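Residue-level structure breakdown
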Amino acid sequence: STLFSEPEIPFKFKQKYSIFTQRSNSNLDEDSAKKTIDLALSLIVDIKDHAISEHQDIENFLKEMSAQFNNLAGQTLYVTDSNNQSLENREKLNNAINIQVDNLKDSSANAKDLESLQEHIHDHLQELTLQLIKHQKIEIDQHLEVNQQLEQMSQKIQELDVEADSLRNNLKVARDKALQDPLTGLPNRAAYNERSLIEYSRWYRYKNDLSIAFWDIDLFKLINDNFGHKAGDKTLNLVAQLIQNNCRESDFIARFGGEEFVMLLPNTNSQNAFELAEKIRIIISNSGFNYNGQSIKLTISAGISEFSDTDTLDDVFERADQALYESKEQGRNRCTIINK
């Protein structure tokens, strides 16, 4: 089962992964071992195909968005061209009016009698009227076309807003799922990695106290072996709930993997972290539960370490891991501190 990191298994493949885990933890003959290897390969291919499919969906959406933006750009260019054409039409009309006025002046100057002058004025006014009517029609047609284009652009923008909101929501949901352990509902290892960098950066800058507590359920494999994986799942959920319910608001608790949990304790030195861990350990050791009428004894061990001097994240985590190992070696159901 070390082929996979459980928090990275998509939810739709959890059952298949559970079957693989159950088989891989059992004593297998040659035929069963081959089937388990085939199952692992099949699971790897399924997860890979799932990832490719999700990537393709996002890529297709982005292509569609790009096409729609190109369409909007084309419509914007059309509106700009229409405005430019409208200016040209006005200029042509002004020129035509100037020509008719000049002609009218010439006709007036050359007119020999009133009747001839009236006839020339009538002809030029009629020509001006036709020019104005023609210009007005062109302007109305272009105005309607521009309004139609603007309306289509407005509708496209609204559609893009809706699609962008949908994508943001889908990505947020996907990110939340990617950072959440589906069994316990706690943040997962990826979420811990992200949060630990934030807390480490804050500690490195301000040098406020910061500690890590690393937890492991004692003899968890025996619970799975003796009572089944459903009992194991119930145990994990119970431990997650008890730890979370007894943390402070500023503390961060994540399921690190399997039966392991990790806590980040800001503004907390190792001694205060030990006192909190002891409180939680005692609560869990007194919370044994029944599963299908059978009593299950439940205990947990912890390793604690505090950041100091030039520590890196790995330095402190490794010390907490070593402290957890000592808790196990000294009989389990205990908490141990190892500092620099």
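About the thresholds
Residues numbered from 1 in each chain as written. Predicted model: local features only at pLDDT ≥ 70, side-chain atom pairs only at ≥ 80, totals over all residues. Heavy atoms only, no water. Salt bridge = Lys/Arg side-chain N within 4 Å of Asp/Glu carboxyl O. Helix = DSSP H or I, 4+ residues; strand = E, 2+ residues; numbered from the N terminus. Buried < 20%, exposed > 50% of the residue type's maximum accessible area, 1.4 Å probe, protein only. Patch = residues over 30% accessible without salt bridge, like charges linked within 9 Å, V, L, I, M, F, W, Y side chains within 5 Å. Areas by Shrake-Rupley, 256 points an atom, 1.4 Å probe, with all protein chains shown as cover. Lys, Arg positive; Asp, Glu negative; His and termini not counted. Charge placed at Lys NZ, Arg CZ, Asp CG, Glu CD.

This part covers the pattern of salt bridges. By the definition in use, this model includes 10 salt bridges. A salt bridge links aspartate 216 to lysine 328; the nearest nitrogen and oxygen atoms lie 2.7 Å apart. Of this pair, aspartate 216 sits in strand β1 (residues 210-217) while lysine 328 sits in helix α8 (residues 313-329), placing them 112 residues apart in sequence. The class of aspartate 216 is buried, set by a relative accessible area of 9%. Owing to a relative accessible area of 18%, lysine 328 belongs among the buried residues under this scheme. Taking the shortest distance from any N to any O, the salt bridge between lysine 340 and aspartate 311 comes out at 3.6 Å. Of this pair, lysine 340 sits in the segment after β7 (335-337) while aspartate 311 sits in the loop between β6 (300-306) and α8, placing them 29 residues apart in sequence. Look at aspartate 311 and you get buried, because its relative accessible area is 1%. Residues participating in the shared-partner salt-bridge network are Arg195, Glu199 and Arg202.

In this section: a negative patch on the surface. Judged by side-chain charge, Asp314, Asp315, Glu318 and Asp321 come together as a negatively charged surface patch. Structurally, the position occupied by aspartate 314 is in helix α8.

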